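# Summary of structural features
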Amino acid sequence: MSTTISQFDLENLYNWEEIHSTYDDNGIIENRIKLWDTGVSIDEAFTSGIRHSMLQQDNSADGLAVNWQSIDSNYDSNGQLDHRSILYDNNVTRQEGFESGVKTFITQQDGST
């Protein structure tokens, strides 16, 4: 049975509002969700304690906390960045590929109509 530990920055001492971390029966992290003061959220998923995906989203009231709407990152079995997709506020989409954590390609597409 998984256990979730939630932390709240009620006194505004940190640059985040909430962190929710879920652990398996052996205490190994499975998922972590962090909400930053800006409204940006990060949702990370782990396999055997190794991060395999991370989704960052701009959930701020005006959607302008950062210059992107979302960043979707995938990691290999060693936890090294494998692929990243960024959707910018101007609808440009950027795809990045990595080998052993080193960027090997970038493609960018203008999504405006």
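Up top you'll find the structure we're talking about.
### Describing the sheet that holds strand E6 (residues 68-75)
The strand order across the open sheet built from nine strands is E1-E2-E3-E4-E5-E6-E7-E8-E9, with neighbouring strands paired in antiparallel fashion. Bordering the open sheet on either side are strand E1 (3-8) and strand E9 (102-110), each of which pairs with just one other strand. Adjacent strand axes in the sheet meet at a mean angle of 10°, parallel and antiparallel pairs treated alike.

### Points about the environment of Leu55
Within the element layout of this structure, Leu55 appears in strand E5 (residues 50-58). For Leu55, a relative accessible area of 30% corresponds to the partly exposed category. On a C-alpha basis, the gap between Leu55 and Ile42 in space is 5.6 Å, while along the polypeptide they are 13 residues apart. Apart from the residues lying within four places of it in its own chain, the contact partners of Leu55 are Ser41, Ile42, Asp43, Ser70, Ile71 and Asp72.

### Here's the deal with unusual backbone geometry
At Asn12, a residue that is not glycine, the phi angle is positive and equals roughly 55°. Among the structural elements, Asn12 can be located in the loop between E1 and strand E2 (16-23). Residue Asn91 is not a glycine yet carries a positive backbone phi of 70°. Within the secondary structure, Asn91 sits in the loop between strand E7 (81-88) and strand E8 (92-99).

The rules behind these values
- Residues numbered from 1 in each chain as written.
- Predicted model: local features only at pLDDT ≥ 70, side-chain atom pairs only at ≥ 80, totals over all residues.
- Heavy atoms only, no water.
- Pairing = 2+ DSSP bridges.
- Helix = DSSP H or I, 4+ residues; strand = E, 2+ residues; numbered from the N terminus.
- Axes fitted to C-alpha atoms, helices over the stretch in contact; angles between N-to-C directions.
- Buried < 20%, exposed > 50% of the residue type's maximum accessible area, 1.4 Å probe, protein only.
- Contact = heavy atoms within 4.5 Å.

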